[in-house]
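Overview (structure and organization)
So you can see what is in the structure, the chains are spelled out below.
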Amino acid sequence: MDMIFDFQPGQIVSLEHDDQNLYAEVIQVVVSRQLCWVRPLLLVTHTPEIPIITDLRDGADLLWPGELFRPALDTEVITFLGQLLAKEPKSELDTTAKSKLHQFIHQLWQAYQERVRSAE
């Protein structure tokens, strides 16, 4: 059975691309279309010094191919969530955060499309 069907609402999942991880909360799994409806929480950019955390809690939800997600491990996400939850959420997502999310999703989608084409 595919891992996507094991995702539960409220579960934290991760999308990975290059040196970035998007952590999101599962809202619903759309089994018939093999999609996962998620609410982005944070984008972590791993750097040699300290990770850069971008707060995405007030951004738009995503409906994304479920096969690209993996369950986030508690040990990898707890520190990031702790730092994020210590801050008050903004009333709306700032333009820098929107831009970072858009760029991440665009790059991930391009990589996914290339992978699909090469598999054909």
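So, here's what we can say about the structure. Quick caveat: nothing in here was measured; it's all calculated off a predicted structure.

Some thoughts on the environment of Leu56
- Inspection of the secondary structure puts Leu56 in the loop between β4 (52-55) and β5 (62-65).
- You can call Leu56 buried: its relative accessible area is 0%.

Examining the packing of aromatic side chains
- The final tally for this structure, using the stated rule, is three aromatic pairs.
- When the centroid spacing of 5.3 Å and the interplanar angle of 65 degrees are considered together, the rings of Trp64 and Trp109 count as edge-to-face. Note that Trp64 is positioned in strand β5 and Trp109 in helix α2 (residues 95-119), a separation of 45 residues in sequence.
- Residue Trp64 is classed as buried on the basis of its relative accessible area, which comes to 8%.
- On the basis of relative accessible area, Trp109 is assigned to the partly exposed category, the value being 33%.
- In textbook terms, an aromatic cluster arises when at least three aromatic residues are bridged by ring pairs, as seen for Trp64, Trp109 and Tyr112.

A look at the pattern of salt bridges
- Under the defined criterion, the tally for this structure stands at five salt bridges.
- Arg39 is the partner of Asp61 in a salt bridge, and the nearest nitrogen-oxygen pair spans 2.8 Å. Taken together, the residues Asp61 in the loop between β4 and β5 and Arg39 in strand β3 (residues 35-45) connect sequence positions 22 residues apart.
- Overall, the relative accessible area of 29% leaves Asp61 in the partly exposed class.
- On the basis of relative accessible area, Arg39 is assigned to the partly exposed category, the value being 33%.
- Salt-bridge contacts for Arg70 lead to Glu76; the nearest nitrogen and oxygen are separated by 2.7 Å.
- Judged by relative accessible area, which is 24%, Arg70 ranks as partly exposed.

Digging into the nonpolar core
- Counting 21 residues, the largest nonpolar core has Leu15, Leu22, Val38 and Phe69 as the members making the most contacts within it.
- Breaking this core down by element, the ones donating at least two residues are β1 (12-17), β2 (20-30), β3, β5 and α2.
- In terms of residue count, α2 provides more of this core than any other element does, six residues in total.
- What Leu22 contacts, discounting residues up to four positions off in sequence, is Val13, Ser14, Leu15, Pro40, Leu42, Leu43, Leu56, Leu62, Leu101, Phe104 and Ile105.
- In terms of nonpolar packing, the next biggest core, distinct from the first, is built from 10 residues, Ile12, Leu42, Val44 and Leu81 among them.

Quick notes on the side chain of Asn21
- Its location among the elements puts Asn21 in strand β2.
- In this structure Asn21 comes out as buried when scored by relative accessible area, which is 9%.
- Of note is the side chain of Asn21, whose polar atom sits 3.0 Å from the side chain of His46.
- If we skip the residues at most four places from it in the chain, Asn21 touches Ser14, Leu15, Glu16, Leu42, Leu43, Val44, His46, Arg70 and Glu76.

Conventions we followed
- Residues numbered from 1 in each chain as written.
- Predicted model: local features only at pLDDT ≥ 70, side-chain atom pairs only at ≥ 80, totals over all residues.
- Heavy atoms only, no water.
- Helix = DSSP H or I, 4+ residues; strand = E, 2+ residues; numbered from the N terminus.
- Buried < 20%, exposed > 50% of the residue type's maximum accessible area, 1.4 Å probe, protein only.
- Phe/Tyr/Trp six-rings, centres within 6.5 Å; stacked < 30°, edge-to-face > 60°.
- Salt bridge = Lys/Arg side-chain N within 4 Å of Asp/Glu carboxyl O.
- Core = buried A, V, L, I, M, F, W, Y, C linked by side-chain atoms within 4.5 Å.
- Contact = heavy atoms within 4.5 Å.
- Polar contact = N/O pair within 3.5 Å; in protein donor to acceptor, adjacent residues only side chain to side chain.

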